[in-house]
Amino acid sequence: MRSLYRFFTSVKVAIVLLILLIAASILGTLIPQQRTHAEYLARYGQLAGLFEGLQLTRLYHSLWFIVLLVLFALNIIVCTLARLSAKLHRAFRPRFETEARHLQAMRVKDKARLPLSLGEARTLVVRELARRRYRARLIEAPGRVFISARKRISGIFGSDVVHLGLLVILGGGIVSGLAGRRGDLTLRENQTVAVPGAAFALRLDKFSTDLYPDGSVKDWKSRLSVIEDGRSVLERTIEVNHPLSYGGYIFYQSGYGWDWDNPSLELLVKKKSDPAYLKDLRLHPGEKAPVEGEDIEVMVARFIPDFVLDEKNQPSSRSPQPNNPAAFIEGKRGTETVFSGWVFAKFPDFTRLHSAKETDLSFELKDVKAPEYSVIQSARDPGALWIWIGSTLLMAGLFLAFYWPTREIRLILGENQGKTELEAGGLSTKSPEEFKSEFESLMSGLRKIR
Amino acid sequence: MSESTFFTLAFIVYFLAALSYLAYLFSRKEGRAVLGLRLAFAGLLLHTLALVMRTVQSGHAPFTNMYESLSFLAWSSVFAFIIVEWKFRLRRPGAYVLLIVVALMALASSPLMPKDATPLVPALQSYWLWLHVSVTLLGEAFFAIAFVTSIMFLIAQSREKKGRASGSGLSADRLDSISYRTIAIGFPLFTLGGLVFGMVWAYKAWGSYWSWDPKEVWSLITWFVFALYLHTRIVMGWKGRRSAVIAVIGFLAALFTYFGVNYLLAGLHSYA
């Protein structure tokens, strides 16, 4: 146990763990994560099984990566605690130097002879130190005064606060991983969906897409109502970057789509023999619509938003985006199908109708619309709060460690024939150069006294 | 005058600043370094005007595509350089830093980078865009300066070993300490902008503060490398060559996070 503790106090272990974490993280960005087995098989062939076995394909959630993080956390805890008592000691028991040679062994040092009595010199030194925001403590002995002055002593705890912050963040990550819930809710306007695991439901009152003048998407907005016991208790419009928080859940605008099972289509009917003939038909798939002045009814048998022929040469949709909308229409006289074929909104000339007899009619798919639905991500993440607390500690610690450098000056004043001999030494590991110039200005300020 | 006029003017003035610093390297006349710094400052002002005008014209933060973010990275590098110069009065790295800046500006103005201010996609419409990108790139700019001083250290050290003067006029020791101090400024900024602000924004926009997206992972890798740098140095007392090598690797990781991930790895961050 003791040797295990000693093992973890070693900074070398921390260095090795950091290098392992770096290597593992890099590996995880080289191997695409969380894909299907088929994809890995295509990419890595026989190695796919090995990679999956070693959990390299879900590396950041793998057991060994988590073990690495746990060891890292243990190392941080042990290293921090092992050094903490010495730091507390240093902070609460200021050190005095009683021998001049110790002062003169410090990196920044000086000596001076002041034309003042010991009492006057002491007052002056303390005042000059205070002017530079040093807090001085004194020990008085017959004919001698020992001074220990320092500022920004809290800076020495910076690294400890950083480490505490990191541990809180890691803890928050564990809480998120174990208790976090995430899911997508798909809502059409006026549809109400129960939020999984929660005692309330969400209703989408309105969904809208804002466009820029050039036609690109500016924003998606969903007006939501929170429904509790059948009553609306809160109404709020959410958009990207502006989620809704309610009851421990957060709801994000995460996407949108079209319900292509219920499109409404607009067909233009023309006659080759009569350029003035133009009829406008609005219909849903499966619906029959009579063509004015003809004894024919038109029906859309099938609709595809992004038409493509798949590998079996069958019509299918490449995506849910309306990139290449196509409708399969049938012309019927009674129960007899007179003609049929695909009509393309983007490629009107591509339309080919198969028919037993030549038909005079031609069709264009002028417009397609479908009810839009909004995809709302619902997330419950009790770890997030800890992440923010940890991050605040992390930043406070970094600020203390790097922007709040501790500085210490120790002095010995000794009476010598009515005058005062002064010896001083100082140290600041984090800001040696600024400290040196401050120390020099302090000493030259003291020397100026006549 | 338009944004592109100011951008071009800034480009020219940075170029003159680089020339002035180069002349200083060869002649060692103090005045040339002082002129270089003044020119860099003048270039920064012009560049700032260009960025402000672009913000006003486009109505959004000036770092939403590669052109804009390169331009902003150049701006932050000059800004970080002026701070480091004001703190440490190094003079010598000026030539190299400004040459990098000129290269960034040239890359930004190359025809490969579309310059049109396009409207923002919904996910980017947030004030977190300002906070996340600007603070991250500022942190990375300090890493870039530490990269330059670390390379200079490696050269100076190999010269000193052969018994010659360091060549850059700065002792290897001082370059080593400056590299550390510069990283110590950049590390908290990178942590705040890249990781913390990134997590907050991801939580607001995507509903999850961390998704192991390649860009997230690479910024974490960059962070780990600099954490390694700081721990080996502060706790284990590493200095000099080994520290400089880690600083160089860290900057390369930051560079890969910034460029490489966009072009080589697909993920959520596919904006720029």
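Conventions used here
Residues numbered from 1 in each chain as written. Chains lettered and ligands numbered in written order. Predicted model: local features only at pLDDT ≥ 70, side-chain atom pairs only at ≥ 80, totals over all residues. Heavy atoms only, no water. Helix = DSSP H or I, 4+ residues; strand = E, 2+ residues; numbered from the N terminus. Contact = heavy atoms within 4.5 Å. Buried area = accessible area lost by both parts, 1.4 Å probe. Salt bridge = Lys/Arg side-chain N within 4 Å of Asp/Glu carboxyl O. Polar contact = N/O pair within 3.5 Å; in protein donor to acceptor, adjacent residues only side chain to side chain. Nonpolar A, V, L, I, M, F, W, Y, C, P; charged D, E, K, R; others polar. Buried < 20%, exposed > 50% of the residue type's maximum accessible area, 1.4 Å probe, protein only. Patch = residues over 30% accessible without salt bridge, like charges linked within 9 Å, V, L, I, M, F, W, Y side chains within 5 Å. Areas by Shrake-Rupley, 256 points an atom, 1.4 Å probe, with all protein chains shown as cover. Axes fitted to C-alpha atoms, helices over the stretch in contact; angles between N-to-C directions. Parallel < 35°, antiparallel > 145°, perpendicular 65-115°, else oblique. Left-handed = near helix turned anticlockwise from the far one by under 90°. Pairing = 2+ DSSP bridges. Core = buried A, V, L, I, M, F, W, Y, C linked by side-chain atoms within 4.5 Å.

Q: Help me get a handle on the environment of L116(A), residues and values and all.
A: Counting through the fold element by element, L116(A) comes out in the loop between β1 (108-114) and α7 (118-131). In sequence terms L116(A) and V240(A) are 124 residues apart; their C-alpha atoms lie 71 Å from each other.

Q: Break down the interface of chain B and chain A for me, citing the residues and quoting the values.
A: Across the boundary between the two partners, chain B contributes 49 residues, which contact 49 residues of chain A. Buried area between chain B and chain A, both sides added, is near 4,100 Å², and the carbon and sulfur share of it is 69%. When residues of chain B are sorted by the area they lose upon contact with chain A, Y203(B), Y209(B) and W212(B) head the list and together hold 16% of the total. Put simply, chain B and chain A have two salt bridges between them. Among the ionic pairs, E434(A) bridges to R181(B), the shortest N-O distance being 2.6 Å. Linking chain B with chain A are 15 residue pairs in polar contact (both at pLDDT 80 or more), by the criterion used here. Per element, the largest residue contribution to the side of chain B that touches chain A is 19 residues, and it comes from helix α6 (residues 172-205) of chain B. Here the side of chain B that touches chain A is built from residues that sort into 37 nonpolar, eight polar and four charged.

Q: Outline the side chain of Q253(A), listing residues and values.
A: All names here are of chain A. Along the chain, the position of Q253 falls in strand β10 (residues 249-258). In this structure Q253 comes out as buried when scored by relative accessible area, which is 4%. In this structure the side chain of Q253 is engaged in a polar contact, spanning 2.5 Å, whose partner is the side chain of S222. Apart from the residues within four sequence positions on either side, Q253 is in contact with F207, W220, K221, S222, I238, E239, V240, S374, V375 and I376.

Q: Got a sec to walk through a nonpolar patch on the surface? Specific residues and values, please.
A: All names here are of chain A. Taken together, the side chains of Y5, I66, V70, L74, I77 and L81 make up a nonpolar region of the molecular surface, amounting to roughly 510 Å² of accessible area. Residue contributions to the nonpolar patch peak at five residues, all from helix α5 (residues 63-92). Structurally, the position occupied by I66 is in helix α5.

Q: Give a detailed account of the packing of helix α9 (residues 384-403) of chain A against α6(B), specifying residues and quantitative values.
A: Between α9(A) and α6(B), whose axes approach to 10 Å, the crossing angle comes to 165°. Viewed along their axes, α9(A) and α6(B) adopt a mutual orientation that is roughly antiparallel. The chirality of how α9(A) crosses α6(B) is left-handed. Note on element contacts: α6(B) touches α9(A) through Y180(B), A184(B), I185(B), F187(B), P188(B), L189(B), T191(B), L192(B), V196(B), M199(B), V200(B) and Y203(B), opposite A384(A), I387(A), W388(A), S391(A), L394(A), M395(A), L398(A), F402(A) and Y403(A). Taken together, the residues that form the contact of α9(A) with α6(B) break down as 19 nonpolar, two polar and no charged.

Q: Report on the side chain of N65(B), specifying residues and quantitative values.
A: Residue and element names in this part refer to chain B. Among the structural elements, N65 can be located in the loop between α2 (30-58) and α3 (66-88). Here N65 falls in the buried class, since its relative accessible area comes to 13%. Within the structure, N65 has its side chain in polar contact with the backbone nitrogen of Y67 (distance 3.3 Å). For N65, the side chain forms a polar contact with the main-chain nitrogen of E68, separated by 2.9 Å.

Q: Kindly report on the pairing of strand β2 (residues 135-141) of chain A, identifying the contributing residues and their values.
A: In this sheet, strand β3 (residues 144-151) of chain A lies alongside β2(A) in antiparallel orientation, the contact comprising seven bridges. Bridge assignment links A136(A) to a residue of β3(A), and that residue is A149(A).

Q: I'd like a rundown of the pattern of salt bridges, residues and numbers included.
A: All names here are of chain A. Across all of its chains, the model carries 35 salt bridges over all chains by this definition. Residues E97 and R95 are paired through a salt bridge, measuring 3.4 Å at the closest nitrogen-oxygen approach. Classification of R95 by relative accessible area gives exposed; the value is 53%. With a closest N to O distance of 3.5 Å, K366 and E266 form a salt bridge. Of this pair, K366 sits in strand β20 (residues 361-369) while E266 sits in strand β11 (residues 264-271), placing them 100 residues apart in sequence. Here the salt bridges share partners, and the residues they tie into one network are R90, R95, E97, E408 and R410.

Q: With reference to specific residues and values, describe unusual backbone geometry.
A: Phi at N190(A) takes a positive value of approximately 70°, unusual for a residue other than glycine. As for its placement among the helices and strands, N190(A) is situated in the loop between β4 (181-188) and β5 (192-194).

Q: How would you sum up the packing of helix α1 (residues 3-27) of chain B against α2(B)? Please name residues and give values.
A: A pair of packed helices is captured by two measures, namely the crossing angle of their axes and the spacing between those axes. Residues and elements named next belong to chain B. One way to put it is that α1 packs onto α2 with a least axis distance of 8 Å and a crossing angle of 165°. Classified by the angle their axes make, α1 and α2 are roughly antiparallel. When you trace α1 past α2, the crossing you get is left-handed. By residue class, the composition of the contact of α1 with α2 is 22 nonpolar, six polar and four charged.

Q: How would you summarise the nonpolar core if you had to cite specific residues and measurements?
A: In terms of nonpolar packing, the biggest core is built from 139 residues, with Y14(B) and L98(B) touching the most fellow members. The element that contributes the greatest number of residues to this core is α6(B), accounting for 18 residues. What L98(B) contacts, discounting residues up to four positions off in sequence, is Y14(B), A17(B), A18(B), Y21(B), A40(B) and F81(B). Counting 24 residues, the second largest nonpolar core, distinct from the first, contains Y277(A), L283(A), F303(A) and V368(A).

Q: Quick one: what's the story with the sheet that holds strand β12 (residues 278-283) of chain A, residue by residue and with numbers?
A: Residue and element names in this part refer to chain A. Sheet architecture is open: three strands sit in the order β12-β11-β20, paired in antiparallel fashion. Either end of the sheet is taken by a strand with one partner, and the two such strands are β12 and β20. If you compare each strand with its neighbour and ignore which way they point, the axes differ by 20° on average. The pairing of β11 with β20 spans eight bridges and is classified as antiparallel. Along β20, the bridge assignment pairs V269 with F363.

Q: Break down the sheet that holds strand β17 (residues 326-333) of chain A for me, with residues and values.
A: Residues and elements named next belong to chain A. Strand order in this open sheet of five strands is β13-β14-β17-β18-β19, and the pairing throughout is antiparallel. Two strands close off the open sheet at either side, each with one partner strand: β13 (288-290) and β19 (354-355). Inspection of the sheet shows β17 paired to strand β18 (residues 336-344) by eight bridges, in the antiparallel sense. Paired with I329 across the strands is G341, a residue of β18.

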